[in-house]
Number of protein chains: 2
Amino acid sequence: MAVTKAQTRPSLDQMVELGQQLRVDAVRCSAAAGSGHPTSSMSAADLMAVLLARYLRYDVTDPDDPYNDHLVFSKGHASPLLYAMLRAAGAISTEELMTYRRLGSRLEGHPTPRLPWVDVATGSLGQGLPLSVGMALTGAQLDRLPYRTWVLCGDSELAEGSMWEAFEHAGVAGLDHLTAIVDVNRLGQRGPTRHQWDLDAYARRMAAFGWRVIEVDGHDIADIDRAFAQAVSTSGRPQVILARTRKGQGVAGVEDQEGLHGKPLSDPDEAVRQLGGVRDMTVPVQTPDRAGTPHRFPSGPLTLPTYQVGEKEATRTAFGRALAALGDARGDVVVLDGEVADSTRTEFFAGTHPDRFFECYIAEQQMVAAAVGMQARGWAPFAATFAAFWTRAFDFVRMAAISRANLRLCGSHAGVSIGQDGPSQMGLEDLAVFRAVHGSTVLYPCDANQTAALVAAMADQAGISYLRTTRGGTPVIYPPGERFPIGGSRTLRHSTGDRVTILAAGVTVHQAIAAADRLAADGIPARVIDAYSVKPIDADAVRTAARETGHLVTVEDHWPEGGLGDAVLDVFADGGEPSPRVRKLAVREMPASATPDEQLRAAGIDADAIADAARALIGGTGPA
Amino acid sequence: MAVTKAQTRPSLDQMVELGQQLRVDAVRCSAAAGSGHPTSSMSAADLMAVLLARYLRYDVTDPDDPYNDHLVFSKGHASPLLYAMLRAAGAISTEELMTYRRLGSRLEGHPTPRLPWVDVATGSLGQGLPLSVGMALTGAQLDRLPYRTWVLCGDSELAEGSMWEAFEHAGVAGLDHLTAIVDVNRLGQRGPTRHQWDLDAYARRMAAFGWRVIEVDGHDIADIDRAFAQAVSTSGRPQVILARTRKGQGVAGVEDQEGLHGKPLSDPDEAVRQLGGVRDMTVPVQTPDRAGTPHRFPSGPLTLPTYQVGEKEATRTAFGRALAALGDARGDVVVLDGEVADSTRTEFFAGTHPDRFFECYIAEQQMVAAAVGMQARGWAPFAATFAAFWTRAFDFVRMAAISRANLRLCGSHAGVSIGQDGPSQMGLEDLAVFRAVHGSTVLYPCDANQTAALVAAMADQAGISYLRTTRGGTPVIYPPGERFPIGGSRTLRHSTGDRVTILAAGVTVHQAIAAADRLAADGIPARVIDAYSVKPIDADAVRTAARETGHLVTVEDHWPEGGLGDAVLDVFADGGEPSPRVRKLAVREMPASATPDEQLRAAGIDADAIADAARALIGGTGPA
């Protein structure tokens, strides 16, 4: 049976057939791969058949069409179903379908944007809905286009708190162009879910969060069609279609069975036979709604705030002011806050560009997800919270890298130097966390002018970039207008007779300068390098310093693992020249409350500790 | 006014006075500190006055009394209120109260267990309720004692998804000895909360999650008293007291004002005057309910499963079997699962010890929080999920270290070696994450017998310990019964003429052995070290290898940042001997789907890549 372009509304019978085709394709591509999740695909096949045939509005020949709807598989393991839909839509061939999970195939085990019809990577459960909220927010409040965002969720992932951050954000924002379809197949990976087929339990929760809830039999095509029709006619509220389904639906001995999660069917030929055999139906997907005009981003000259040398200013404040200036110059810059804008200083941007400022409240996972959704539509998001609280959203950052997302994140209140608030508020692992993100950039400025320059650089940086800022004021040491390229460094003290190099970043740069002064007073010339680009580190400067001074002291307001010291040591791990003598200074004991100066001293990362370490390293020259 | 021991039920008037005393103490200790959150304390003071005076059952002279209730400040920034309560209970002196936030004081900016009446550290919002759920679970299902868990929550933190993981877990578990008190003071840090004083919005959500909701005027002592009485008389459901309060209550010009979060009052003397002056009331806290018998942990000989050399077994399976054996030997071992027990293999423990197995579903934050709550009562929790998904709970792990918690975590499906599922399922940053936890232990076994030994070692290890396991089978290379001390390593190939050392762990150990065999065939003797203890690393073995072989190749199934390679390099960062020539092999490109062997090859961490790197490092000897 072929559905031609002329038939704009496939019949119920045709959708039944399409559902079976999607099942057959999920079964056979997983069988060919020898792995995958066919049973999790089969439960949602009827839901996706109706969506594809009658409700999705998408030009599959142009995935970048700004009017296209968006479809996210929050249950990313049901990728065989997604790929089967793409085949049914004529986007990929049968041959490509059968490359599923093979080396070099675009059809990965879980969807990623290597495939042009995929906006965001999924596969870590609980992320697709928050990402979709980001896209729907973008449609409603930034793009202002009528596209819809559809998201297929699993029932297991409703246990993830991030899903409820998303339900809350979307419900309060009234995102009526967002429809979640929950495939309640009762079975998680290990066994039954908490609520199994108690759809009312889910419905109560979602309704309480402000969503319109539509319960359906997920294998009754007419019932599903009615649910979608109700969803698209809803205004003022996001909708959830709660569908009671059976995992493995359509194949005897597989349906609603435990222990078959993530396993190809044992007898795929028999399964295909039971499902009525291979079909080659092509579905004419509805064309996008072309109401409204896609955004064009205005851009003008960037005038960064400047600071005079010797002034004292917190880098967090310089970040906030630079961000507001960037917002003046560029229409694509948007800012997201985790209810700490007064601390991170994104409040300045909020004041001047309220239409591009998004308050996410204390929901860091939804904040990152919203940013990922926005960048998928070409916006340039910055998001900020305390450095420590990025640990709350690390799985979302990790997945954003797999999404090839361009995100700019700022963490304020880094390190023990925040002072009295104590360790719960101190980012002491953020450099390690962000360095361990694929393709990331990690920046840590020490003064206000440098901060402003790095904020500007981040705006054009691909991938995940992270800026670490400091709570307290630090002296301005660089004149306005200097350049600080990503991957660079600045040498602040330098002589031909340098006997040791101190590598510092952020708050420890000022301690390093003071230490060098003390060492100079003892007749020990010391080089000081401001390694503001922690990743990529300025390997040339590090190597030159090693060669010329023979001794390196690294000093950071961070745990010893994964931060600046490790970045410096990594320079010597490429098989080239070995490292010179190195001493890494970092925070080694659990801090408590104390003043910032007391904290730096207690942690052994202040000027005295640096000078002592330098003296010891070069062999006891000068007073101990 | 003094309340004596004879008065077991302080009057309403006395509780009004106590509320004012708590406010005064919060104001004056914050004023003395020059920082802190008095206004956030003042809103909840009446609630805590009633709790302390009439409902909390606690022997303040013995914080370790197993019958004691537990009180958690989820809004940890209201620490002045907690410390004021401790003073009112006679636990700390006025002098100690006034040391708040000073260097060396136990009264940190946010509560930590340095103070014996504090079970768990808070201060990262959204954690206190999940931690309390852990304690209430422990009381109901492990300790089986009648103590209650009380938790003071903020309204801002209700935006965190982790709170809804907790509402869900507790609601379904019917934890009726758990009472949350939410201080709905309408104002977050930056400004108004999402729902401000719309208590019904919160009530709908919490009721939908199965909680009994009691709404009160949080400054009406009689109303509060009635609410607590209702709470303690509730069975089968956890309770939440939703209290409408005013931030800064009691001081004109401060009450319900934006912009005063986290700031001491500008005129503390006037504030104390308005609050009726300093009081020195001491409250006789109710004695604990001594029904039931505290748990005594049976313990017997541990018989670990054994494997014969040459067998092939996945280390994840060996982990699961060893854990079940540990459960047989020790009655204190409990296991928590994130709905992947069939993958992590905690299913074996679930089968043999269902009474000590906790299914947390896909809610990793609540899983860690529950484990922290259990260890606070002396149990020995192990929790497991995919290595990648620990990134979901990293803020909870970070805070667990501040709680001085003893947790044993296992991450399965580490690295590209998992194969076809793709990057969303690959733990490639877990070593970096767990190394950057204060006081942590990071273990990565390569065979089944080693895994079993390390599982046994973890049971007695303090702090956060992490075990990384592998999905696929690896050959058993160690005979049963060998010792693998934490901080040790094993040298697998060794000769006096070794020209290079290969340092590997887990899955790369087997690649390293194969590489050494190839190098030997080329006449290049290579040492192979199994660095199963990634933190602490065996520094002596690394230094000896450096000295004796002059060249090191590190190889890991992990991003280049923060893992095994960095652990090895760190050995040379103490100012002692510099490193020799080092080449770090790690995963540098974003993987996709492929077979495990294809993945190792594509990442450049297989035997061929190791042998090539070793040849290049020692200067091109042997075929390139």
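What counts as what
- Residues numbered from 1 in each chain as written.
- Chains lettered and ligands numbered in written order.
- Predicted model: local features only at pLDDT ≥ 70, side-chain atom pairs only at ≥ 80, totals over all residues.
- Heavy atoms only, no water.
- UniProt positions renumbered as here; feature names shortened; annotations may be inferred.
- Helix = DSSP H or I, 4+ residues; strand = E, 2+ residues; numbered from the N terminus.
- Pairing = 2+ DSSP bridges.
- Axes fitted to C-alpha atoms, helices over the stretch in contact; angles between N-to-C directions.
- Polar contact = N/O pair within 3.5 Å; in protein donor to acceptor, adjacent residues only side chain to side chain.
- Contact = heavy atoms within 4.5 Å.
- Core = buried A, V, L, I, M, F, W, Y, C linked by side-chain atoms within 4.5 Å.
- Buried < 20%, exposed > 50% of the residue type's maximum accessible area, 1.4 Å probe, protein only.
- Least-squares fit on C-alpha atoms with pLDDT ≥ 70 in both.
- Parallel < 35°, antiparallel > 145°, perpendicular 65-115°, else oblique.
- Left-handed = near helix turned anticlockwise from the far one by under 90°.
- Nonpolar A, V, L, I, M, F, W, Y, C, P; charged D, E, K, R; others polar.
- Buried area = accessible area lost by both parts, 1.4 Å probe.
- Salt bridge = Lys/Arg side-chain N within 4 Å of Asp/Glu carboxyl O.
- Disulfide = S-S within 2.5 Å.
- pLDDT = per-residue confidence, 0-100.
- Phe/Tyr/Trp six-rings, centres within 6.5 Å; stacked < 30°, edge-to-face > 60°.
- Lys NZ or Arg CZ within 6 Å of the ring centre and 35° of its normal.
- Right-handed = clockwise from strand over helix to strand, strands pointing away.
- Domains from an automatic or database assignment.

A short note on the UniProt feature "domain: Transketolase-like pyrimidine-binding" (unreviewed entry) in chain A
Turning to step 1, where the next piece is worked out: Per the UniProt annotation, the sites labelled "domain: Transketolase-like pyrimidine-binding" (unreviewed entry) are residues 313-476 of chain A.
Turning to step 2, where the next piece is worked out: Along residues 313-476 of chain A one finds 40% helix and 21% strand; the C-alpha atoms at either end are 7 Å apart.

Regarding the sheet that holds strand S9 (residues 380-386) of chain A
All names here are of chain A.
Turning to step 1, where the next piece is worked out: What the 7 strands build is an open sheet, ordered S8-S7-S9-S10-S12-S11-S17; its pairing is mixed. Edge strands, defined here as strands with exactly one partner in the open sheet, are strand S8 (357-359) and strand S17 (533-535). Pairs of neighbouring strands in the sheet enclose a mean axial angle of 20°, with direction left out of account.
Turning to step 2, where the next piece is worked out: Pairing of strand S7 (residues 333-337) with S9, which is carried by 5 bridges, proceeds in the parallel orientation. By the bridge assignment, Asp337 is partnered in S9 with Ala384.

Remarks on the side chain of Arg527(B)
Residues and elements named next belong to chain B.
Turning to step 1, where the next piece is worked out: Along the chain, Arg527 falls in strand S16 (residues 526-530).
Turning to step 2, where the next piece is worked out: Among the polar contacts made by the side chain of Arg527, one reaches the side chain of Asp498 at a distance of 3.0 Å.
Turning to step 3, where the next piece is worked out: Those residues within four positions of Arg527 in sequence are excluded, and the remaining contacts are Thr491, Arg493, His494, Ser495, Asp498, Val500, Thr501, Ile502, Thr544, Ala545, Glu548 and Thr549.

Section: the nonpolar core
Burial of nonpolar side chains together is a common tendency in soluble globular proteins.
Turning to step 1, where the next piece is worked out: Counting residues in each nonpolar core, the largest one holds 288 residues, and the members touching the most others are Phe382(A) and Phe382(B).
Turning to step 2, where the next piece is worked out: Sequence-distant contacts of Phe382(B), defined by excluding residues within four places in its chain, comprise Phe319(B), Leu323(B), Leu326(B), Val333(B), Val334(B), Val335(B), Leu336(B), Arg408(B), Val455(B), Met458(B) and Ala459(B).

With respect to the relation of the copies chain B and chain A
Turning to step 1, where the next piece is worked out: The transformation that overlays chain B on chain A combines an axial shift of 0.0 Å with a rotation of 180°, and the residual RMSD is 0.0 Å. What the rotation and shift describe, once combined, is the action of a two-fold rotation axis. Taking the C-alpha atom as reference, chain B places Gly161(B) closest to the rotation axis, 1.8 Å from it.
Turning to step 2, where the next piece is worked out: A share of 100% of interface residues in chain B that are also interface residues in chain A marks the association as one of identical surfaces.

Description of the packing of helix H3 (residues 45-55) of chain A against helix H9 (residues 221-232) of chain A
Residue and element names in this part refer to chain A.
Turning to step 1, where the next piece is worked out: Close contact between H3 and H9 brings their axes to 10 Å; oriented N to C, the two are set at 55°. As judged from the angle between their axes, H3 and H9 are oblique. At the point where H3 passes H9, the crossing takes the right-handed sense. Between H3 and H9, the residues in contact are Asp46, Leu47, Val50, Leu51, Arg54 and Tyr55 and Ile221, Ile224, Asp225, Phe228, Ala229 and Val232, respectively.
Turning to step 2, where the next piece is worked out: Classifying every residue of the contact of H3 with H9 by side-chain character gives 9 nonpolar, no polar and 3 charged.

Some words on unusual backbone geometry
Residue and element names in this part refer to chain A.
Turning to step 1, where the next piece is worked out: Residue Pro536 is bonded to the preceding Lys535 through a cis peptide linkage, with omega at -5°.
Turning to step 2, where the next piece is worked out: Along the chain, Pro536 turns up in the loop between S17 and helix H19 (539-549).
Turning to step 3, where the next piece is worked out: Phi at Arg144 takes a positive value of approximately 55°, unusual for a residue other than glycine.
Turning to step 4, where the next piece is worked out: As for its position among the elements, Arg144 is in the loop between helix H6 (128-143) and strand S2 (149-154).
Turning to step 5, where the next piece is worked out: Residue Arg144 is classed as exposed on the basis of its relative accessible area of 53%.

Regarding the interface of chain B and chain A
Turning to step 1, where the next piece is worked out: Each partner contributes residues to the interface: chain B has 106 residues there, and chain A has 106 residues.
Turning to step 2, where the next piece is worked out: Together chain B and chain A conceal approximately 8,700 Å² of surface at their shared face, both sides included; 51% is due to carbon and sulfur atoms.
Turning to step 3, where the next piece is worked out: Considering only the side of chain B, the residues that lose the most area to chain A are Arg190(B), Arg194(B) and Arg392(B), jointly responsible for 10% of the buried surface there.
Turning to step 4, where the next piece is worked out: The interface formed by chain B and chain A holds 18 salt bridges in total.

Regarding the state of the cysteines
Residue and element names in this part refer to chain A.
Turning to step 1, where the next piece is worked out: With the rule as written, the count across this model stands at 0 disulfides over all chains.
Turning to step 2, where the next piece is worked out: The thiol sulfur of Cys410 is not disulfide-bonded, and the nearest other cysteine sulfur, from Cys360, lies at 15 Å.
Turning to step 3, where the next piece is worked out: With a relative accessible area of 1%, Cys410 lands in the buried category.

Here's the deal with the confidence of the model for chain A
Segments scoring low in pLDDT should not have their predicted coordinates read at a detailed level.
Residue and element names in this part refer to chain A.
Turning to step 1, where the next piece is worked out: Mean pLDDT for chain A: 96, with 98% of residues reaching 70 or above.
Turning to step 2, where the next piece is worked out: When the criterion is pLDDT under 50, residues 1-7 qualifies, and its contacts beyond four places in sequence or with other chains add up to 13 contacts.
Turning to step 3, where the next piece is worked out: Counting interchain partners and residues more than four positions distant, the pLDDT-below-50 stretch residues 620-624 has 10 contacts.
Turning to step 4, where the next piece is worked out: Both confidence scores are given for the complex: pTM 0.97, ipTM 0.97.

Focus on the packing of aromatic side chains
Turning to step 1, where the next piece is worked out: Per the stated rule, a full pass over the model turns up 27 aromatic pairs over all chains.
Turning to step 2, where the next piece is worked out: On the numbers, 5.3 Å between centres and 20° between planes, the contact of Tyr55(A) with Phe228(A) is stacked. With a gap of 173 residues between them, Tyr55(A) in helix H3 and Phe228(A) in helix H9 connect regions that are remote in the sequence.
Turning to step 3, where the next piece is worked out: Their ring planes at 35° and their centres at 4.6 Å tell us that Trp164(A) and Phe167(A) sit as a pair that is tilted. With Trp164(A) and Phe167(A) both in helix H7 (residues 161-173) and 3 residues apart, this pair spans about one turn of that helix.
Turning to step 4, where the next piece is worked out: Judged by relative accessible area, which is 3%, Trp164(A) ranks as buried.
Turning to step 5, where the next piece is worked out: Taken together through their ring pairs, the aromatic side chains of Trp164(A), Phe167(A), Phe209(A), Trp211(A), Trp164(B), Phe167(B), Phe209(B) and Trp211(B) make up a single cluster.
Turning to step 6, where the next piece is worked out: Directly above the aromatic system of Trp150(A) lies the positively charged group of Arg148(A), at a separation of 5.1 Å from the ring centroid.
Turning to step 7, where the next piece is worked out: When the ring centre of Phe348(A) is taken as origin, the NZ or CZ atom of Arg321(A), which lies over that ring, is 4.2 Å away.

Focus on helix H15 (residues 394-402) of chain A
Residues and elements named next belong to chain A.
Turning to step 1, where the next piece is worked out: Here H15 lies mainly inside the structure; 9 of its 9 residues are buried.
Turning to step 2, where the next piece is worked out: When we look at burial in H15, the residues that qualify are Phe394, Asp395, Phe396, Val397, Arg398, Met399, Ala400, Ala401 and Ile402.
Turning to step 3, where the next piece is worked out: Downstream of H15 by a residue or two, Arg404 has a phi angle that is positive, lying close to 55°.

Concerning the pairing of strand S4 (residues 212-217) of chain A
Residue and element names in this part refer to chain A.
Turning to step 1, where the next piece is worked out: The sheet contact formed by S4 and strand S5 (residues 239-244) spans 6 bridges and is parallel. Considered in S5, the bridge of Asp217 is made with Arg244.
Turning to step 2, where the next piece is worked out: You can see the chain leave S4, run along H9 and come back into S5, and the turn it takes is right-handed.

A short note on the sheet that holds strand S15 (residues 500-504) of chain B
Residues and elements named next belong to chain B.
Turning to step 1, where the next piece is worked out: Ordered in space as S14-S16-S15-S18-S19, the 5 strands form an open sheet in which the pairing is mixed. The outermost strands of the open sheet, each flanked by one partner alone, are strand S14 (490-493) and strand S19 (581-585). On average, adjacent strands in this sheet sit at an angle of 25° to one another, irrespective of strand direction.
Turning to step 2, where the next piece is worked out: Where S15 meets S16, 5 bridges bridge the pair, whose relative direction is parallel. Counted as the bridge partner of Ile502 is Val528 from S16.
Turning to step 3, where the next piece is worked out: Helix H18 (residues 507-521) contacts S14, S15, S16 and strand S18 (551-555) of the sheet and is inclined by roughly 160° relative to S15.
Turning to step 4, where the next piece is worked out: Across the sheet, helix H19 (residues 539-549) lies against S15, S16 and S18, angled at about 175° from S16, the strand it touches most.

Some points on the pattern of salt bridges
Turning to step 1, where the next piece is worked out: What the rule picks out here adds up to 81 salt bridges over all chains.
Turning to step 2, where the next piece is worked out: Asp225(A) serves as the salt-bridge partner of Arg9(A), at 4.0 Å between the closest nitrogen and oxygen. On the criterion of sequence distance, the pair formed by Arg9(A) in the segment before helix H1 (12-33) and Asp225(A) in helix H9 is long-range, its members being 216 residues apart.
Turning to step 3, where the next piece is worked out: Put simply, Asp65(B) and Arg290(B) hold a salt bridge, and the shortest N to O gap is 2.4 Å. Of this pair, Asp65(B) sits in the loop between helix H3 (45-55) and strand S1 (70-73) while Arg290(B) sits in the loop between helix H10 (268-274) and strand S6 (312-314), and the two are 225 residues apart along the sequence.
Turning to step 4, where the next piece is worked out: Assessed through its relative accessible area of 7%, Asp65(B) is described here as buried.
Turning to step 5, where the next piece is worked out: The class of Arg290(B) is partly exposed, set by a relative accessible area of 45%.
Turning to step 6, where the next piece is worked out: When salt bridges with common partners are traced through the structure, they connect Asp25(A), Arg28(A), Arg87(A) and Asp280(A) into a single cluster.

Things to note about the domain arrangement of chain A
Residues and elements named next belong to chain A.
Turning to step 1, where the next piece is worked out: Along its sequence, chain A is carved into domain 1 (15-274), domain 2 (312-475) and domain 3 (490-619).
Turning to step 2, where the next piece is worked out: Of note, the centres of domain 1 and domain 2, computed from C-alpha atoms alone, are 32 Å apart.
Turning to step 3, where the next piece is worked out: Listed per partner, the contact involves 29 residues of domain 1 and 25 residues of domain 2.
Turning to step 4, where the next piece is worked out: Approximately 2,100 Å² of surface area, both sides summed, lies buried where domain 1 meets domain 2, with 62% of it carried by carbon and sulfur atoms.
Turning to step 5, where the next piece is worked out: Among the residues of domain 1 in contact with domain 2, Gln127, Leu142 and Glu165 are the three that bury the most area, contributing 28% of the side total.
Turning to step 6, where the next piece is worked out: At the surface where domain 1 touches domain 2, the tally comes to 1 salt bridge.

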